Amino acid sequence: MKGRTIKGRLIVLEGPDGSGRSTQVDLITTKLESEGHAVMNTGLKRSELIGRGILQAKQKLPLGKMTLALFYAADFADQLEHKIIPALEAGYIVLADRYIFTLIARSTVRGLPRKWSHDLFGFTIRPDLVFYLDVDPDELFHRVFQKSSGLDYYESGADLGLADDLYHSFVIYQRMMEKEFKLMEKKYGLVPIDANRPIDQVNVDLQGRITRYLHERT
Amino acid sequence: MPPTSPTGVTGRWATREKQVGRLIVVEGIDGSGKSIQLHLLEKWLRHLGVPVFTTEWNSSVIVKEITSKGKKSALLTPTTFSLLHATDFADRYERNILPLLNSGYFVLADRYVYTAYARDVVRGCNRRWVRRVYSFAIRPDAIFYFNVPVEVGVKRILTGRTKLKFYEAGMDLNLSNNEYESYRIFQSRINEEYMAMSDKEGFIVMNGVLEIELQQRNMREHVLKLLPSELAAVASLELSTF
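**As for the overall build of chain B**
Assigned secondary structure in chain B consists of nine helices and five strands. When the helices and strands of chain B are listed from N to C terminus, the series reads β-α-β-α-α-β-α-α-β-α-α-β-α-α. By residue count, 45% of the 242 residues in chain B fall in the buried class. A sequence separation of at least 24 residues applies to 80% of the contacts in chain B between residues at least 6 apart.

As structure tokens, then:
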């Protein structure tokens, strides 16, 4: 990843579905805006250009793991260059709901070489802050099921044939993802956050760190 | 025969397992005549009873839908463009190229990773990065590079064509306001990239200005070396009366 000298700040929230990531993004956005910062939100699969296509393709035909990884990378590149970088140059705080780390973890867990995924994202920009919302897989399962009474195919690792039932598959898959994130903590400076706690406690933790960071730099 | 895996900036190559099939690639600027030659080669191999599969650049059905929307509205940056092509390639590779090679097919590719190496770099992508993205692709058994003067290639394409598409003409590079001029410069730069990588990648350089039959004969003589011995003997005999 490249470093840079641009006015804006890139803050990333990583973590599995059910970790409260999106909720935290909303809360933090509201708080930062109330403090007078311009904030922009981005996320995976939100590119207007390619996003819809990925969802369609996943449903229609099984895609090879390399193909899927590259598809996501293309979508990401589009967002980076059309949304994130311009916003940063304009002095925005960009709050990213996931970044390349989820993509790297997903690919690695599916057997693609870690180095290849790392090299693939060589064109991306280094975030200023990255938080990883860590939740115990059993707790995650409970939350996810409460939210949508169904599990996402890929988020359960169902394409990997890990277990006979989706619950076990989910837990095994999430532990594998956790392990990848632990490795990336050291490599990319991810800050682990205990997201087993209630939303407001996690929020106080996150907001505190962000506020401190922003003040240190003004 | 091309040399063994190159090192350095060309990246690490997938190691070839015990492959029964063969991967034959044609490269060249547009209008170099490579597609015709590949087509004739295909005909010849089928005639010999060899199982053949041909694949073209930018032909994945899934990726096509998505790419064309972007192309029309001219929204794609070099990195995104490069990655979309890589996605298209990966789909064809995982779905067709690799499985068929493993099952003993001769896979003929009209353009391969070298097209990305040349075009994407001309568009401004980092040279090393492009090679790393494609590092999963297996090394071909033969790479035929059809060399023509840029003017010849350009003329062949523009004759009978009334319109050049935006990205095709390299209009995103701001080389010229005139799309024909832009196309010329674009093709010229791609040609330079090809020439620069030719030795290192082990291209079999073909003179794309010679008569079609002569080029084809040349090509077949090279491919002869890739055929199983019994077939090669038969084919060799036929070639001598070509």
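**Here we look at helix α7 (residues 166-188) of chain A**
Residue and element names in this part refer to chain A. Between its first and last C-alpha, α7 extends 31 Å over 23 residues, near the 33 Å set by a 1.5 Å rise per residue. Of the positions making up α7, those classed as buried are Ser169, Phe170, Tyr173, Gln174, Met177, Glu178, Phe181, Met184 and Tyr188. The inward-facing, buried residues of α7 abut α4 (100-109), β4 (129-134) and α6 (137-148). A positive phi of about 75 degrees marks Gly189, the residue just after α7.

**Remarks on the environment of Val133(B)**
Mapped onto the elements of the fold, Val133(B) is located in helix α5 (residues 127-133). On the neighbour-count criterion, Val133(B) (28 C-beta atoms within 10 Å) is buried. Not counting residues within four places of it along the chain, the set of residues in contact with Val133(B) comprises Leu120(A) and Ala86(B).

**Concerning the interface of chain B and chain A**
Contacts between chain B and chain A engage 22 residues on the former and 21 residues on the latter. At the level of secondary structure, the elements contributing two or more residues to the side of chain B that touches chain A comprise α2 (61-72), α3 (78-102) and α5 of chain B. Among the elements that make up the side of chain B that touches chain A, the one with the highest residue count is α3(B) (10 residues). In terms of residue class, the side of chain B that touches chain A is built from 10 nonpolar, six polar and six charged.

Rules used in this analysis
- Residues numbered from 1 in each chain as written.
- Chains lettered and ligands numbered in written order.
- Predicted model: local features only at pLDDT ≥ 70, side-chain atom pairs only at ≥ 80, totals over all residues.
- Helix = DSSP H or I, 4+ residues; strand = E, 2+ residues; numbered from the N terminus.
- Buried ≥ 20, exposed ≤ 12 C-beta atoms within 10 Å, placed from the backbone.
- Contact = placed C-beta atoms within 7 Å.
- Expected span 1.5 Å × (residues − 1).
- Nonpolar A, V, L, I, M, F, W, Y, C, P; charged D, E, K, R; others polar.

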